Amino acid sequence: MLKLGVNIDHVATLREARYRGRSHGEPDPVEAARMCETAGAHGITAHLREDRRHILDRDVWALREAVKTRLNLEMANVPEIVEIALKLKPDIVCLVPERRTEVTTEGGLDVVSNERALTETRKRMNDAGIEVSLFITPTPTQIEAASYVGTQFIELHTGAYAEHFADRELREEELDRLIAAAKQAHGLGIKVNAGHGLNYENLPALHRVPHLVELNIGHSIISRAVFTGLGDAVKDMLRLMEGYSA
Ligand code: PXP
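Notes on the structure in this doc start here. Fair warning: this is a prediction, and the values are worked out from it, not measured in the lab.

1. Describing a negative patch on the surface
Line of reasoning, step 1. Together, Asp167, Glu169, Glu173 and Asp176 make up a negatively charged patch on the protein surface.
Line of reasoning, step 2. Within the secondary structure layout, Asp167 lies in the loop between α7 (159–163) and α8 (168–187).
Line of reasoning, step 3. Judged by relative accessible area, which is 36%, Asp167 ranks as partly exposed.

Here it is as structure tokens:
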């Protein structure tokens, strides 16, 4: 069964728009996590950014207490956040590149150029009982480098697929890239997640990508929740994921 991890960063984004710098505020990302789990989500994802623009330190600790499924901490490979993760002990960390000027995580990790630093963090996380995922574009050299790092998972960056979805030819090219990447990673013994830019329209075609374990989806689910409520938004997405065969 294909699993759904819901990224709840945008719930915190909304809170911070009104309550930045305060010790309280709504909406509460922890309550959102509970509602996603009740609706059937298989995991909760939160990104503790260096600039703390949405998820705050107090959120990740409260999430660690509240999440009953799997907590996936998205993070940059920087000393401050690595130390927090080692204490927090999420079930898995997904290492992502981070630039302060970006609206959301825009590109994948350059694993090839950062193999040594990523390997060191991968080892430290694994020694603490935390699994590791690397967020990468579907490129053969990056996947090969990910296997040298010894990561348990990669998360394939579906941003280009989502961006080009409206153009049939480009969409097929991006799908082919994702299919080849998933096969390559699977062949190297790496488990495959995918995420970024996925929504209710572009999800069905992803059934063609083999070996997927989990999709991480945020913006589209939180957007729909404004109209339908979070529970229904999660259930609608889970329905689209039904029947996936790896
Ligand atoms: N996966 C990763 C690694 C991400 O950085 C993000 C965005 O925070 C997502 C998945 C979710 O992307 P979206 O909000 O576009 O669904």
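2. Focus on the nonpolar core
Line of reasoning, step 1. Core analysis: the biggest nonpolar cluster contains 77 residues, and Leu134, Leu215, Ile221 and Val234 have the highest contact counts within it.
Line of reasoning, step 2. If near-sequence neighbours (up to four positions away) are discounted, Leu215 is found in contact with Leu2, Lys3, Leu4, Gly5, Ala194, Leu198, Leu203, Leu206 and Met241.

3. Digging into unusual backbone geometry
Line of reasoning, step 1. In this structure, Pro27 follows Glu26 across a cis peptide bond, with omega equal to 0°.
Line of reasoning, step 2. Among the secondary structure elements, Pro27 is positioned in the loop between α1 (9–19) and α2 (29–38).
Line of reasoning, step 3. A positive phi angle, near 105°, is found at His196, a position not held by glycine.
Line of reasoning, step 4. Relative to the assigned elements, His196 resides in the loop between β7 (191–195) and β8 (212–217).
Line of reasoning, step 5. Residue His196 is classed as partly exposed on the basis of its relative accessible area of 22%.

4. Section: the packing of aromatic side chains
Line of reasoning, step 1. As enumerated under the stated definition, the model contains one aromatic pair in all.
Line of reasoning, step 2. One cation-aromatic arrangement involves Arg171 over Phe165; the distance from NZ or CZ to the ring centre is 4.5 Å.
Line of reasoning, step 3. Directly above the ring of Tyr200 sits Arg224, whose terminal nitrogen or CZ lies 3.6 Å from the centroid.

5. Considering the environment of Glu83
Line of reasoning, step 1. By secondary structure assignment, the location of Glu83 is in helix α4 (residues 79–88).
Line of reasoning, step 2. The exposure class assigned to Glu83 is partly exposed, which follows from its relative accessible area of 34%.
Line of reasoning, step 3. Considering only alpha carbons, one finds Glu83 and Val226, 143 residues apart in sequence, at a separation of 35 Å.

6. Topic: the sheet that holds strand β6 (residues 153–157)
Line of reasoning, step 1. Around the barrel, which closes on itself, the eight strands sit in the order β1-β2-β3-β4-β5-β6-β7-β8 with parallel pairing between neighbours. Averaged over all pairs of adjacent strands, the angle between strand axes in this sheet comes to 25°, irrespective of strand direction.
Line of reasoning, step 2. Of the pairings in the sheet, the one linking strand β5 (residues 131–136) to β6 comprises four bridges and is parallel in character. Bridging across to β6, Ser133 finds its partner in Phe153.
Line of reasoning, step 3. Here helix α6 (residues 140–149) sits on the sheet in contact with β5 and β6, set at roughly 160° to β5.

7. So, α6
Line of reasoning, step 1. For α6, the set of buried residues is Gln142, Ile143, Ala145, Ala146 and Val149. Along the long axis of α6, the arc covered by the buried residues comes to 160°, so they all point the same way. Turned more than 90 degrees off the buried face of α6, the exposed positions are Pro140 and Tyr148.
Line of reasoning, step 2. Trailing α6 by a residue or two, Gly150 shows a phi angle of about 85°, which is positive.

8. Focus: the side chain of Arg122
Line of reasoning, step 1. Note that Arg122 resides in helix α5 (residues 115–127).
Line of reasoning, step 2. Despite its burial, Arg122 remains without a salt bridge, the nearest opposite charge being carried by Asp127 at 6.4 Å.
Line of reasoning, step 3. For Arg122, the side chain forms a polar contact with the main-chain oxygen of Gly150, separated by 3.3 Å.
Line of reasoning, step 4. Aside from chain neighbours lying at most four places away, what touches Arg122 is Val132, Val149, Gly150, Thr151 and Gln152.

Definitions and cut-offs
Residues numbered from 1 in each chain as written. Predicted model: local features only at pLDDT ≥ 70, side-chain atom pairs only at ≥ 80, totals over all residues. Heavy atoms only, no water. Patch = residues over 30% accessible without salt bridge, like charges linked within 9 Å, V, L, I, M, F, W, Y side chains within 5 Å. Areas by Shrake-Rupley, 256 points an atom, 1.4 Å probe, with all protein chains shown as cover. Salt bridge = Lys/Arg side-chain N within 4 Å of Asp/Glu carboxyl O. Lys, Arg positive; Asp, Glu negative; His and termini not counted. Charge placed at Lys NZ, Arg CZ, Asp CG, Glu CD. Helix = DSSP H or I, 4+ residues; strand = E, 2+ residues; numbered from the N terminus. Buried < 20%, exposed > 50% of the residue type's maximum accessible area, 1.4 Å probe, protein only. Core = buried A, V, L, I, M, F, W, Y, C linked by side-chain atoms within 4.5 Å. Contact = heavy atoms within 4.5 Å. Phe/Tyr/Trp six-rings, centres within 6.5 Å; stacked < 30°, edge-to-face > 60°. Lys NZ or Arg CZ within 6 Å of the ring centre and 35° of its normal. Pairing = 2+ DSSP bridges. Axes fitted to C-alpha atoms, helices over the stretch in contact; angles between N-to-C directions. Arc of directions from axis to C-beta. Polar contact = N/O pair within 3.5 Å; in protein donor to acceptor, adjacent residues only side chain to side chain.

The analysis is restricted to geometry; functional conclusions fall outside its scope.
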